[in-house]
Structure formats: C-alpha cells, structure tokens
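The primary structure of each chain is shown beneath.
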Amino acid sequence: NAVLSDLISVIRSQLARSLTRALRLPNALPLSYKEHTVILDAIERHDAEGARKAMHDHLEAVLVRYANAIQTGESVKAEQNGSARIARKRIRAAS
C-alpha cells in the first residue's frame, strides 16, 4: 500500500532527525550507552519486564533531556569525537 509506505517513510525521517538532535546533546552518548547497557543486560537475563522497564526509562530520560535542552536553550553541538556524525550515518543507512 503506497499510503502506508509513505507514512512509514515520514515517521522514519522524523525519528532520524529527532534521534540525531538528541544524540548531539551534551553527555547524550555516554548516558544513552549506559541506558542501553541496562536494557541489554535485562534481555540477556531473559527478564522481559526488566527490559521493558529499562526501555521505558531510557525513552523517558531522552525526552526529558531533550525537553530540558530546548527549554534552557542549551546548545546541541556535535560530540567532539564525531560520535554524533557516526550515529547519523547509521540512522540514514537503516532508513
């Protein structure tokens, strides 16, 4: 269905832009890595509820970090090590 395909493309594009911006926030990559580690640990333990909670907590934390950055006018500069650029390439490749 062409309409559904177009809708998915729009959603993916918006998600990629939001994720790119979120990864540019100061300390975003180390915090995100830590949060993803908690998710992965729960999955490896076959702890579905723990993984669900860890994923929920991670998504909520990203939203809070991003909203706080917008409210305070915090700069969303790319990380010095180029990690944000690498993340953008991975997002585009997955699209």
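Now for a description of the structure that goes with this document. (Residues numbered from 1 in each chain as written. Predicted model: local features only at pLDDT ≥ 70, side-chain atom pairs only at ≥ 80, totals over all residues. Heavy atoms only, no water.)

### Let's talk about unusual backbone geometry
So, step 1. If you check the backbone angles, His46 has positive phi at about 60° while not being a glycine.
So, step 2. Tracing the backbone through its elements, the reader meets His46 in the loop between helix 2 (28-44) and helix 3 (48-72).
So, step 3. For His46, a relative accessible area of 75% puts it in the exposed group. (Helix = DSSP H or I, 4+ residues; strand = E, 2+ residues; numbered from the N terminus. Buried < 20%, exposed > 50% of the residue type's maximum accessible area, 1.4 Å probe, protein only.)

### A few points about the pattern of salt bridges
So, step 1. A complete count under the given rule lists 4 salt bridges for this structure.
So, step 2. One salt bridge in this structure joins Asp47 and Arg45, with 3.3 Å as the shortest N-O distance.
So, step 3. Taking relative accessible area as the criterion, Asp47 reaches 29% and is therefore assigned partly exposed.
So, step 4. Relative accessible area serves as the criterion here: at 53%, Arg45 is assigned to the exposed category. (Salt bridge = Lys/Arg side-chain N within 4 Å of Asp/Glu carboxyl O.)

### Describing the side chain of Glu35
So, step 1. Mapped onto the fold, Glu35 is located in helix 2.
So, step 2. Engagement of the side chain of Glu35 in a polar contact is seen with the side chain of His58, the distance being 2.4 Å.
So, step 3. Every residue in contact with Glu35, bar those within four places of it in the chain, is listed here: His58, Ala61, Val62 and Arg65. (Polar contact = N/O pair within 3.5 Å; in protein donor to acceptor, adjacent residues only side chain to side chain. Contact = heavy atoms within 4.5 Å.)

### Remarks on helix 2
So, step 1. Here helix 2 spans 24 Å end to end across 17 residues, near enough to the 24 Å set by a 1.5 Å rise per residue.
So, step 2. Taken as a whole, helix 2 has its buried residues at Ala28, Ser32, Glu35, Ile39 and Ala42. Looking straight down helix 2, one finds its buried side chains confined to an arc of 85°; they lie on one side. Every exposed residue of helix 2 that faces more than 90 degrees away from the buried side is listed here: Tyr33, Lys34 and Glu44.
So, step 3. Residues of helix 2 that are buried in the fold lie against helix 1 (2-23) and helix 3.
So, step 4. Of the residues one or two after helix 2, His46 is the one with positive phi, at around 60°. (Expected span 1.5 Å × (residues − 1). Arc of directions from axis to C-beta.)

By themselves these figures say nothing about function.
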